[in-house]
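Residue-level structure breakdown
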Amino acid sequence: MLAASSERDSDTHGEAVRLDRVVKRFGSFVAVDDVSLDIAPGQFLTLLGPSGSGKTTILSMIAGFETPTSGTIEIGRRRVDTLNPEKRGVGLVFQNYALFPHMTVAQNVGFPLRMRGLPRREIEPQVLRALSLVQLADQAPKKPAQLSGGQQQRVALARALVYEPTVLLMDEPLGALDRRLREVVKLELVQLHRSIATTIIYVTHDQDEALTMSDRIAVMRSGRIIQVGTPRQIYEQPHDEFIAEFVGESSLLSGRLHEVDRARCRIKLDSGPIVDAQSPRAIPRGQPVQLLLRPEKLRLLAPHEGRLDGTVSDAIFLGDSMRYDIALNDGSRLLVRQHNRAGLRDFAPGDLVGIDWDAADATVLA
């Protein structure tokens, strides 16, 4: 486990990062399109999006490996888009750990300090501190080949933290780990962030990583940021259909806005029924909408006891839950995830069921 404490380390601090109308073109291709973003000091912000959405290009511009075509980047109150990478005070962790195989763990971690010309008497205590933070002090004499993948990832993290950067940039750092180890290290990174005050900007296409670790998430598509919010806001109140389907499993039913009362509304589904939902954004009455339903928010009942009726077309045992694919009477489909616990009925393909939910758990998308 990474070392953690209930209070942040007073010796480190994070700085705000600000992007103002940043554009990056590669020839005629626009990789980043007019992006503005404010990241608070000490915040863990994740850039989430599919491949080619521009998230790694943004990270590269903050690091100094790419120069914006237009716009500005600030760290703290300094404009840094005109500075060389080594003058920006950022730490970097990539999917490819890029450890030197001929060096020991301690030498790898101390490399950035040697490049900065620090004397040996200052390097050794800082290396020990960084390795202690990731609980690898006892591995200092070993070579990278003697470590597991998770340990190598921690060495790369210690190397990025050794000179106490105010901003830590992480580009798909867990991509090379197997699924089980990825889950472990993911939680360790959360604990690490709680123990230091460094601002972290994390790039991934993995929605689970983003939801688990982030204070805020910026969802990207086609070079633009299309929504910024807390993990709960992104998951429960997505701005559009793309975000709803990209972040978590979802079912979408078509209809029209029938009645509106502030954040609550009624939807007339194309299949006929009128159902209640919440509307986090203002939508005119009568407009075509999508009703977003998350699988874990739905309940399966006896036929005619819910808001909708359907037929179980598939039932999959997932260990902690059952996943049902429900065919509605109009041909639409719903996904339902029902946690395994005593007293809940199991359903089989062909069973007729009612589907119900709380109005607060149904979201309307324009």
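**Here's the deal with the overall build of the protein chain**
In terms of helices and strands, the protein chain carries eight helices and 20 strands. If you line up the protein chain on its principal axes, its C-alpha atoms span 75 × 50 × 40 Å. Every one of the 366 residues in the protein chain was classed for burial, and the buried ones make up 47%. Taking the contacts inside the protein chain whose residues are at least 6 apart along the sequence as the reference set, 67% of them involve residues at least 24 apart. Total accessible area computed for the protein chain in this model is approximately 17,500 Å², and 48% of it derives from carbon and sulfur atoms.

**Some details on the packing of helix α2 (residues 105-115) against helix α3 (residues 120-133)**
Here α2 crosses α3 at 120 degrees, and the two axes come no closer than 9 Å. Taken together, the axes of α2 and α3 are oblique relative to one another. Judged by the twist between their axes, the crossing of α2 over α3 is right-handed. Contact with α2, carried on its side by Val-105, Ala-106, Val-109, Gly-110, Leu-113 and Arg-114, involves Ile-123, Gln-126, Val-127, Ala-130 and Leu-131 of α3 and no other residues of that element. Considering only residue class, the contact of α2 with α3 consists of eight nonpolar, two polar and one charged.

**Topic: the side chain of Gln-227**
With respect to the element layout, Gln-227 can be found in strand β10 (residues 224-229). Separated by 2.8 Å, the side chain of Gln-227 and the backbone nitrogen of His-239 make a polar contact. Ignoring any residue separated from it by four or fewer positions in sequence, one finds Gln-227 in contact with Ile-217, Ala-218, Val-219, Gln-233, Ile-234, Gln-237, Pro-238, His-239 and Ile-243.

**Description of the confidence of the model for the protein chain**
When pLDDT is averaged along the protein chain, the result is 89; 97% of the residues meet or exceed 70. Across the protein chain, element-level confidence peaks in strand β9 (residues 216-221) with a mean pLDDT of 98 and bottoms out in helix α5 (residues 179-195) with 81. The low-confidence segment residues 1-12, where pLDDT is below 50, has 40 contacts with residues more than four positions distant or belonging to other chains.

**Focus on α2**
For α2, the complete set of buried residues consists of Val-105, Asn-108, Val-109, Gly-110, Pro-112 and Leu-113. The inward-facing, buried residues of α2 abut α3 and α4 (149-161). Once α2 finishes, Gly-117 follows within two positions and takes phi at roughly 80 degrees, a positive value.

**Things to note about unusual backbone geometry**
You will see that Arg-21, though not glycine, has its phi angle at about 50 degrees, which is positive. One can find Arg-21 in strand β1 (residues 17-26). Of note, His-304 is a non-glycine position whose phi angle comes to about 70 degrees, a positive value. Looking at where His-304 falls in the secondary structure, it is placed in the loop between β15 (299-301) and β16 (308-317). What makes His-304 exposed here is its relative accessible area of 69%.

**Description of the sheet that holds β10**
Strand order in the open sheet formed by six strands is β6-β7-β8-β3-β9-β10, with mixed pairing between adjacent strands. At either end of the open sheet lies a strand with only one pairing partner, and these are β6 (90-94) and β10. With strand direction ignored, the average angle separating the axes of adjacent strands in the sheet is 20 degrees. As defined by bridge partners, strand β7 (residues 167-171) adjoins strand β8 (residues 199-204) across five bridges and the pair is classed as parallel. Its bridge partner lying in β8, Leu-169 is registered against Ile-201. α4 contacts β6 and β7 of the sheet and is inclined by roughly 165 degrees relative to β6.

**Details of the sheet that holds β1**
To summarise the sheet geometry, strands pair through backbone hydrogen bonds and adopt either a parallel or an antiparallel arrangement. Spatially, four strands are ordered β2-β1-β4-β5 in an open sheet, and the strand pairing comes out antiparallel. The open sheet has two free edges, formed respectively by β2 (29-39) and β5 (78-79), since each of these has just one partner strand. The sheet contact formed by β1 and strand β4 (residues 70-75) spans five bridges and is antiparallel. The residue of β4 that forms the bridge with Val-23 is Ser-70. Sheet strands touched by helix α1 (residues 55-63): β1, β2 and β4. Its angle to β1, the strand with the most contacts, is close to 115 degrees.

**Details of the packing of α4 against α5**
Between α4 and α5, whose axes approach to 11 Å, the crossing angle comes to 25 degrees. Between α4 and α5, the interaxial angle falls into the category roughly parallel. Every pair of crossing elements has a handedness; the one defined by α4 and α5 is right-handed. Where α4 abuts α5, its residues Gly-149, Gly-150, Gln-153, Arg-154, Leu-157 and Leu-161 lie against Leu-181, Val-185, Glu-188, Leu-189 and Leu-192. Per-class residue counts for the contact of α4 with α5 are six nonpolar, three polar and two charged.

Thresholds, definitions, all that
- Residues numbered from 1 in each chain as written.
- Predicted model: local features only at pLDDT ≥ 70, side-chain atom pairs only at ≥ 80, totals over all residues.
- Heavy atoms only, no water.
- Helix = DSSP H or I, 4+ residues; strand = E, 2+ residues; numbered from the N terminus.
- Buried < 20%, exposed > 50% of the residue type's maximum accessible area, 1.4 Å probe, protein only.
- Contact = heavy atoms within 4.5 Å.
- Areas by Shrake-Rupley, 256 points an atom, 1.4 Å probe, with all protein chains shown as cover.
- Axes fitted to C-alpha atoms, helices over the stretch in contact; angles between N-to-C directions.
- Parallel < 35°, antiparallel > 145°, perpendicular 65-115°, else oblique.
- Left-handed = near helix turned anticlockwise from the far one by under 90°.
- Nonpolar A, V, L, I, M, F, W, Y, C, P; charged D, E, K, R; others polar.
- Polar contact = N/O pair within 3.5 Å; in protein donor to acceptor, adjacent residues only side chain to side chain.
- pLDDT = per-residue confidence, 0-100.
- Pairing = 2+ DSSP bridges.

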